[in-house]
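The primary structure of each chain is shown beneath.
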Amino acid sequence: MDDNPGFDIPTSDNKATYVLSNVVEVVERILTFVPTKSLLRIASVCRLWSNCARRVLRTQQKLTWVSACGPSTTEVHALYNALAEEVEKVFLLPKTVLAMMDCDAFKLTRHCYRQKKSKRSRHSPVEELIQVFPKNCDVMGITTPGIVLTPSGCRPRPPEEHQEGEAGFAIMLPSMEGIHIRPFHFCQKSLSPSALKEAGLIDNPELRVVLLFVYEAYKSGGARFLGQILEPLAKSKALIAGGLVESVFPTRLCCGRGAYGVVGLALSGPKVQGASVLLEQDVSSPKAAEATIRRLKAAKIPERNTLGFMFACVGRGQNYYSNQSNVEADAFQKVFPGVPLFGLFGNGEIGCDRIVKDDYTLCDTDTDGLQHEYTTVMTLVHLG
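So, the sheet that holds strand 8 (residues 207-215)
Right, so step 1: The strand order across the open sheet built from 6 strands is 7-11-8-9-15-17, with neighbouring strands paired in mixed fashion. The sheet is open, and its two borders are formed by strand 7 (180-187) and strand 17 (371-372), each paired with just one other strand.
Right, so step 2: Pairing between strand 15 (residues 349-350) and strand 17: 2 bridges, direction antiparallel. Directly across from I350, in strand 17, lies its bridge partner Q371.

Here it is, written out as structure tokens:
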């Protein structure tokens, strides 16, 4: 029998190969420690590994983000440099990405690419940022005068308000059971009742949260256009929050240069929950800001898989609080220490005091009641 090769005693390497090729529980356990980008490569090795990788991906439904603040040491924005490195390490497959960057640094970055043809990069900064993510991923990019972000990293760190300088973030959302996220983008040419319905913004009983961002709203006709968007939403029971921003990317072919429009995310499903409060003009001290934000506690939203959004007027921030910096972000972190906060300083705010949950009671809000100046809309969005 010793001469028969079929009865050789397996070596240690052979035993390991057998386990990794046949024991599903062991393979799946190992793959949970592998970042998603490497996991997708591993899935092509064999059918067993492919099936295990698919099951692991379904369990990785925790949202994540990458943020950065400058100045960048290269010709591209600091956010792109951070994404290029960090996306290799994330443990989810992004389905939807919401990215925001400061408009000044973005314009400067874009200018760096306007070089002679022989020296020009193959892709614009926008294209390079988008190509970091999978091809079937919906990327919504926004540029705005100021950025609110929570630094990325293993340990929770306090959120930061950046009204000057280079800053940006990208929130990566996977496909999640019980949650449907629809990006939308309308301009004057594409806005219609049927388009609103297709985006899930009207006639959608499961609509829970709408985040929307209007660009070039000061152009002639922009106010009426915004009213056409907000009028049906004001009558819904969904949470509405957002602001007026500088520009968006990528742009649609139907949008003329300099034309006004709106982008956003419609979040539907039984596992979506939202709440928001409005810090009005008379909220001008740290104590008043904290007291207003604390009213969000009434929504009883769990902190796990919850995002905070802060949509503030460019007129607020440090100057509004007697040269005290980071007042509203610090107040949010004090009330919700386990929730990351993101957002913008823009040219107008959209939102109101509103809680969306199964037993909510809401009064009707007209279109004008959703538009504000010199305020901050502080919002919680829970995703299962």
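Things to note about the pattern of salt bridges
Right, so step 1: If you walk through the whole model with that rule in mind, you get 5 salt bridges.
Right, so step 2: Here E216 ties to K219 by a salt bridge, and the two come within 3.4 Å at their closest N and O atoms.
Right, so step 3: Overall, the relative accessible area of 16% leaves E216 in the buried class.
Right, so step 4: Look at K219 and you get partly exposed, because its relative accessible area is 29%.
Right, so step 5: K334 is the salt-bridge partner of E290, the closest N and O atoms lying 3.3 Å from each other. A residue pair is termed long-range when its members are at least 10 positions apart, and E290 in helix 10 (residues 286-294) and K334 in helix 11 (residues 327-335) qualify at 44 residues.
Right, so step 6: For E290, a relative accessible area of 19% corresponds to the buried category.
Right, so step 7: According to the relative accessible area criterion, K334 is exposed, its value standing at 55%.

A closer look at the confidence of the model for the protein
Right, so step 1: Considering every residue of the protein, the mean pLDDT works out to 83; 82% of them sit at 70 or more.
Right, so step 2: Scored below 50 in pLDDT, residues 1-9 makes 1 contact in the model with residues more than four places away or belonging to other chains.
Right, so step 3: A low-confidence stretch, residues 359-364 stays under pLDDT 50, and its non-local contacts, those more than four residues away or across chains, total 6 contacts.

As for the sheet that holds strand 3 (residues 138-144)
For sheets, the rule is that strands pair by backbone hydrogen bonds, running either parallel or antiparallel.
Right, so step 1: Sheet architecture is open: 5 strands sit in the order 1-6-2-3-10, paired in mixed fashion. Among the strands making up the open sheet, the edge pair consists of strand 1 (64-69) and strand 10 (247-249). Going across the sheet, the axis of each strand differs from the next one's by a mean of 15 degrees, ignoring polarity.
Right, so step 2: When strand 3 meets strand 10, the two strands line up antiparallel, connected through 3 bridges. Bridging across to strand 10, G141 finds its partner in F249.
Right, so step 3: Across the sheet, helix 5 (residues 78-86) is in contact with strand 1, strand 2 (94-102) and strand 6 (167-174); its angle to strand 1 comes to roughly 140 degrees.

Quick word on the packing of aromatic side chains
Right, so step 1: Evaluation of the coordinates by the stated rule reveals 8 aromatic pairs.
Right, so step 2: Taking the centre distance of 5.9 Å and the plane angle of 15 degrees together, the rings of F309 and F311 count as stacked.
Right, so step 3: Given the relative accessible area of 1%, F311 is considered buried.
Right, so step 4: Site record: aromatic cluster; members linked through ring pairs are W65, F169 and F342.

Considerations on the environment of V34
Right, so step 1: Summarising the element assignment, V34 is placed in the loop between helix 2 (24-31) and helix 3 (36-42).
Right, so step 2: Between the C-alpha atom of V34 and that of A53, which follows or precedes it by 19 residues, the distance is 9.7 Å.

Details of unusual backbone geometry
Right, so step 1: In this structure, P71 follows G70 across a cis peptide bond, with omega equal to 5 degrees.
Right, so step 2: Mapped onto the fold, P71 is located in the loop between strand 1 and helix 5.
Right, so step 3: Between F249 and P250 the backbone carries a cis peptide bond, its omega angle lying at -5 degrees.
Right, so step 4: Structurally, P250 is set in the loop between strand 10 and strand 11 (261-268).
Right, so step 5: The phi dihedral of N323 falls on the positive side, at around 70 degrees, and the residue is not glycine.
Right, so step 6: The residue N323 is located in the loop between strand 13 (306-313) and helix 11 in this model.
Right, so step 7: Residue N323 is classed as exposed on the basis of its relative accessible area, which comes to 55%.

Calculation notes
- Residues numbered from 1 in each chain as written.
- Predicted model: local features only at pLDDT ≥ 70, side-chain atom pairs only at ≥ 80, totals over all residues.
- Heavy atoms only, no water.
- Pairing = 2+ DSSP bridges.
- Helix = DSSP H or I, 4+ residues; strand = E, 2+ residues; numbered from the N terminus.
- Salt bridge = Lys/Arg side-chain N within 4 Å of Asp/Glu carboxyl O.
- Buried < 20%, exposed > 50% of the residue type's maximum accessible area, 1.4 Å probe, protein only.
- pLDDT = per-residue confidence, 0-100.
- Contact = heavy atoms within 4.5 Å.
- Axes fitted to C-alpha atoms, helices over the stretch in contact; angles between N-to-C directions.
- Phe/Tyr/Trp six-rings, centres within 6.5 Å; stacked < 30°, edge-to-face > 60°.

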